[in-house]
Each structure stands twice: as C-alpha cells, then as structure tokens.
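Chain by chain, the residues run as shown.
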Amino acid sequence: MTASLREQAAAMLRELVALRRDLHRHPEVGFDLPRTQAAVLHALEGLDLETSTGASLGSVTAVLRGARPGPSVLLRADMDALPVTEETGLDFASHNDAMHACGHDLHVAGLVGAARLLSGRRDEIAGSVVFMFQPGEEAGGGAPRMIAEGVLDAAGDRVEAAYGIHVLPGSAGEFFTKPGPLMGGANMLRVRVVGRGGHGSRPHEAVDPVPVLAQIILALQTYVTRRVSVEDPVVVSVTKLRASDAVNVIPDAAECAATVRTLSPATLAQLRDDLPQLARDIAAAHGCTAEAEFEVAYPVTVNDADATAAALTVLREEFGAHRVRVLDAPIMASEDFSFVLEEVPGAFIFLGATPDGTAPEDVEMNHSPRAVFDDGILGDQAAALAALALRHVGRRD
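Just so we're clear, the structure is a prediction, and the values are computed from it rather than from any experiment.

Q: Honestly, the overall build of the protein in this entry has me stumped. Any pointers?
A: Tallying secondary structure elements over the protein gives 10 helices and 16 strands in all. Since a compact globule built from 397 residues should have a radius of gyration of about 21 Å, the 23 Å found for the protein is in line with a globular shape. Principal-axis analysis of the C-alpha atoms gives the protein an extent of 85 × 45 × 45 Å. Scored against the burial criterion, the 397 residues of the protein give a buried share of 54%. Within the protein, residue pairs in contact and separated by at least 24 positions form 81% of the contacts whose partners lie at least 6 positions apart. Carbon and sulfur atoms make up 50% of the accessible area of the protein, which totals about 17,000 Å². Positive and negative side-chain charges in the protein, numbering 33 and 54 respectively, have mean positions lying 1 Å apart.

Q: For this particular structure, what's the right way to read the sheet that holds strand E1 (residues 50-53)?
A: Either a parallel or an antiparallel arrangement is found when strands of a sheet pair, and the pairing is made through backbone hydrogen bonds. With mixed pairing, the 8 strands of this open sheet are ordered in space as E1-E2-E4-E3-E5-E16-E6-E15. Lying at the two open borders of the sheet, with one neighbouring strand each, are E1 and strand E15 (324-326). Neighbour-to-neighbour, the strand axes of this sheet turn through a mean angle of 25°, independent of strand direction. Examined bridge by bridge, strand E6 (residues 175-177) and E15 share 3 bridges and lie parallel to one another. Of the residues in E15, the one forming a bridge with Phe176 is Arg325. Taken strand by strand, helix H3 (residues 34-44) contacts E1, strand E2 (60-65) and strand E4 (126-134), and its axis lies near 15° from that of E2. Of the strands in this sheet, E2, strand E3 (68-78), E4 and strand E5 (161-171) are in contact with helix H4 (residues 104-119), which crosses E3 at around 160°.

Q: What is the right way to look at the packing of aromatic side chains in this model?
A: Where two aromatic rings form a pair, the distance of their centres and the angle of their planes describe that pair. A full pass over the atoms with the stated rule returns 5 aromatic pairs. Between Phe176 and Phe350, the ring centres sit 5.7 Å apart and the planes meet at 40°, which makes this aromatic pair tilted. In this pair, Phe176 is assigned in strand E6 and Phe350 in strand E16 (residues 346-354), connecting sequence segments 174 residues apart. Their ring planes at 75° and their centres at 6.1 Å tell us that Tyr298 and Phe339 sit as a pair that is edge-to-face. Here Tyr298, found in strand E13 (residues 289-298), pairs with Phe339, found in helix H9 (residues 337-343); they are 41 residues apart in sequence, far enough to count as distant. Per residue, the accessibility class of Tyr298 equals that of Phe339, and both read buried.

Q: What is the right way to look at the state of the cysteines in this model?
A: One covalent bond between the sulfur atoms of two cysteine residues makes up a disulfide. In the structure shown here, the tally under the stated rule is 0 disulfides. Cysteine Cys288 is unpaired, with the sulfur of Cys256 as its nearest cysteine sulfur at 13 Å. Given a relative accessible area of 5%, Cys288 falls into the buried group.

Q: Quick question: what am I supposed to make of the side chain of Ser338 here?
A: Summarising the element assignment, Ser338 is placed in helix H9. For Ser338, a relative accessible area of 1% corresponds to the buried category. Aside from chain neighbours lying at most four places away, what touches Ser338 is Tyr298, Pro299, Val300 and Thr301.

Q: I tried to follow the environment of Ala382 on my own but got confused; where do I start?
A: In this structure, Ala382 sits in helix H10 (residues 378-393). Take Ala382: its relative accessible area is 0%, and that puts it in the buried class. Note: C-alpha distance between Ala382 and Gly113 (269 residues apart in sequence) is 5.0 Å. Apart from the residues within four sequence positions on either side, Ala382 is in contact with Leu16, Gly110, Gly113, Ala114 and Leu117.

Q: What exactly am I supposed to notice about the side chain of His104 here?
A: Topologically, His104 is positioned in helix H4. Only 3.1 Å separates the side chain of His104 from the side chain of Asp78, close enough to count as a polar contact. If near-sequence neighbours (up to four positions away) are discounted, His104 is found in contact with Asp78, Met79, Asp80, Glu137, Glu138 and His166.

Q: Sorry, what's going on with the packing of helix H8 (residues 305-319) against H10 here?
A: A pair of packed helices can be characterised by two numbers: the angle between their axes and the separation between those axes. One way to put it is that H8 packs onto H10 with a least axis distance of 10 Å and a crossing angle of 130°. Taken together, the axis directions place H8 and H10 in an arrangement best described as oblique. When the axes of H8 and H10 are compared, the crossing they make is right-handed. Here Ala310, Ala311, Val314, Leu315, Glu318 and Phe319 of H8 lie close against H10, whose contacting residues are Asp380, Ala383, Ala384, Ala387, Leu388 and Arg391. Residues belonging to the contact of H8 with H10 are distributed by class as follows: 9 nonpolar, no polar and 3 charged.

Q: When you look at unusual backbone geometry in this model, what are you seeing that I'm missing?
A: The residue His367 is not glycine, and still its phi comes out positive at about 85°. Along the polypeptide, His367 turns up in the loop between E16 and H10. Among the residues examined, His367 registers a relative accessible area of 40% and is labelled partly exposed.

Parameters at a glance
- Every residue gets a number counted from 1 within its own chain, in the order that chain's sequence is written.
- Reporting in this predicted model follows two pLDDT cut-offs: at least 70 for local features of residues, and 80 or more for side-chain atom pairs to be given and counted; totals over whole chains, interfaces and linings ignore these cut-offs and use all residues.
- The side-chain numbers reported here are obtained from all heavy atoms of the structure, hydrogens and water having been left aside.
- Under the DSSP-based scheme used, a helix requires at least four consecutive residues in state H or I and a strand at least two consecutive residues in state E, with every element numbered from the N terminus.
- Using C-alpha atoms as the atom set, the radius of gyration is obtained and then compared with a globule rule of 2.2 Å times the number of residues to the power 0.38.
- Only protein chains enter the accessibility calculation, which uses a 1.4 Å probe; a residue whose area is less than 20% of its type maximum is buried, one above 50% is exposed, and one in between is partly exposed.
- The criterion used for residue contact is that any of the two residues' heavy atoms lie within 4.5 Å.
- Using the Shrake-Rupley algorithm and a 1.4 Å probe, accessible areas are obtained, with residue cover drawn only from the displayed protein chains.
- When charges are counted, Lys and Arg contribute as positive and Asp and Glu as negative, whereas His and the chain ends are disregarded.
- In this description, the location of a charge corresponds to atom NZ of lysine, CZ of arginine, CG of aspartate or CD of glutamate.
- Here, any two strands with at least 2 DSSP bridges between them count as paired.
- Axes, fitted as lines to C-alpha atoms, cover a helix only where it is in contact. Angles between the N-to-C directions of the axes lie from 0 to 180 degrees.
- We call Phe, Tyr and Trp rings a pair once their centres come within 6.5 Å, taking the six-membered ring for Trp, and we label the pair stacked below 30 degrees between planes, edge-to-face above 60, and tilted otherwise.
- What counts as a disulfide here is a pair of cysteine sulfur atoms lying within 2.5 Å.
- For the purposes of these results, a polar contact is taken to be a pair of N or O atoms within 3.5 Å, where, inside protein, one atom must be able to donate a hydrogen and its partner to accept one; residues adjacent in sequence count only when each atom of the pair is a side-chain atom.
- When an angle is under 35 degrees it counts as roughly parallel; over 145 it counts as roughly antiparallel; between 65 and 115 it counts as roughly perpendicular; any other value is oblique.
- By definition, turning the near helix anticlockwise from the far helix through less than a right angle yields a left-handed crossing, and turning it clockwise yields a right-handed one.
- For this scheme, ten residues count as nonpolar: Ala, Val, Leu, Ile, Met, Phe, Trp, Tyr, Cys and Pro. Four count as charged, namely Asp, Glu, Lys and Arg, and the remainder, Gly too, count as polar.

Here it is, written out as structure tokens:
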C-alpha cells in the first residue's frame, strides 16, 4: 500500500528541519538572496523538475510535469528575512543582523517538502505543478516581479489556481483561513510639515512644525474612529517620526510616516484623498505647509470562495476537522501573495506554529526579535501543500 502524504512527509521531517535551521542561521534580506537561492536549488537536486532562476531577483521557479497532460497549479513560499536582530537564544539563531522573524524559512522548507512529495507521485499527476520560491515579500514587490517574469505561465499554460501557507502564532498544526478578504491591503502615508526653525528658547520667533505634526498624528486616529465605519476596519499606525537632531533647536521641518491598512476599495479611495488633505489643512491652520503623500503598496489578500471551500475540504480530509478552522474576520497584516490572487483564483492559509508548552502571555507575534516557531509542523505543511496541488492535478481516470 502506498504511504499517505503525511506518512511520507513525516519520513523526511528531519531533513526539512535541517534545511529550515540552516536557512534560519543565514537569513538574507530583500530581493537578492544568493545563499538562500543556492540552498533551494541544492535541496531540489535530483528531482525531475524544470528549474529556472529570476532575471531581476534571486527567485527560483520549478515546474513538475505529470505523467499525463492537464491543468497547472502553483504553490508558493517566500524566502526573505527581516532586518531584525534576533533575541531568541536558539542554538540555530541567526549568524548576522537579520532574522527569519516571519517564518519564511519554514515556508521554504515546507515547499521543498511538497516538491519532493509530488515528484514521488509524478505518475499520479495529470498536469503540472509550479513551485514559486519568492524573494522580496517583506521588501514589497517580489511577487509582482516574478509575475512579470512569467511565473504564472511557467508550465506553458496559466495556472488555474494558486496556494500558499504561512505560519502564525497559534496551536501547532492547526490550519485556519476564510473565504473573501483575508488580509488587509498595505499603504503608506508620509507627511512633512514645514515651518520656520529657530532657537528652542524662543519658539514665538519661529513657526514650530513639531506640535503641528503632533496634532496631525492625533487627528489621524480621530479620523479613523469618526469617519470610517467599524464594519469596514482601517488601521493607521504612525511608526516613524523625525524632527530636530538637537535638543535646543526648533527645526524647519518635522516628518512622520504611517502604515495604513484597509479592506475595501471604497475606503481605500476615501483615505487616499482625505488623509493627505487632513494633514495639509491642519498645517495651514498653524501657519505651516504640509507635503503629504499616500502610496498604495499591497492590495487586499482575497481568497477565492470556491478555492477556499475546496481547500478546507482537502485539509479536513487530510488532517481531520478538529485541525481546521474558519476565521470569523480578516487580519490586518498584509501579504504580497495578494498580487498572485489578483491574477488567478486560489487561497492563502495560515498554520499555527507556536511551540508546545508556550504560555499565551509569552507568545511573540511574527516580526518580533523573539518570535519562535515550531518546525515540527514542517511535515504537515509539506503534506498540506501537496494535497492542495493534487486536488487540481491528481490523476483522473
């Protein structure tokens, strides 16, 4: 009897964990990931795959062609780390000043596992599987670059569906997702308030931009609570501030930047117009001017309803209903897999990866320098990706 995907994945777990920990020790940031790219290519050696690398970024695309013709499906993993100094104390902690604080090292190892599982079942496949190993998710723009270079058409015909799995804090081994909007769109607001500098002891002789910028920051929070419906969530977080470099100097200008997360096109259009105007109006009321820019970065991650329903069925059949959960609401973090889902139907799925025995109050969210993920879930991550692909390209006699 042929072993199940989960049994086969369990047999390779030690190798997947070793790959993940090697990547974790040597994280790379951005679009050019030479060591990570080489590690992926090495891990795929010996498999019957058509492998290529990116022209404008350090990506890897691999195509598995089944024994019979049929449709194509895409599976994706992001590969880049964050410019975060690790504080986990793990014996395989980062050797440099970056960190896989978002679990992308697990994503890479899980997709390598899926490639191995599906390569071993080539005779059962009617169609093709495209494996998308993507840099530049955190930097923004990795997915659009790979799309521009043809990843969605790598098998010849455009893929009919696309899937990705992302680790998050949560019960280890639990899958969770929802149809429709799953993750917020990411946008950036930058404001520079210009006044007239002077001596810190004589503010009446200057036009101080600092308190004006402070009023703008507070007004942004009031705007969200009074001008946007709570049924269409928006998050505005001011994360960067800059003014004088000296304590006794009133600067000519002060500036801030904020991340703005949205779920609907209508609210995005409203904020795109209103927030820069709000900043300009407040600045003008205090004798200053404001330069305000609103930049759309990532679209909303929207799961196709049919693809999500099918994915939930596959996961329940493979892992049991007790390990699959439908989310009640979207989360406001963002993902550039959203660019893929704008092009083809598919689903993005979360996988809980909090180590057993971790108290809830000790759980660190993704992007924390203390974020820790249980790589014991890698076998199930690989099996889940393979099962999702086989729904589309499994042999149909």
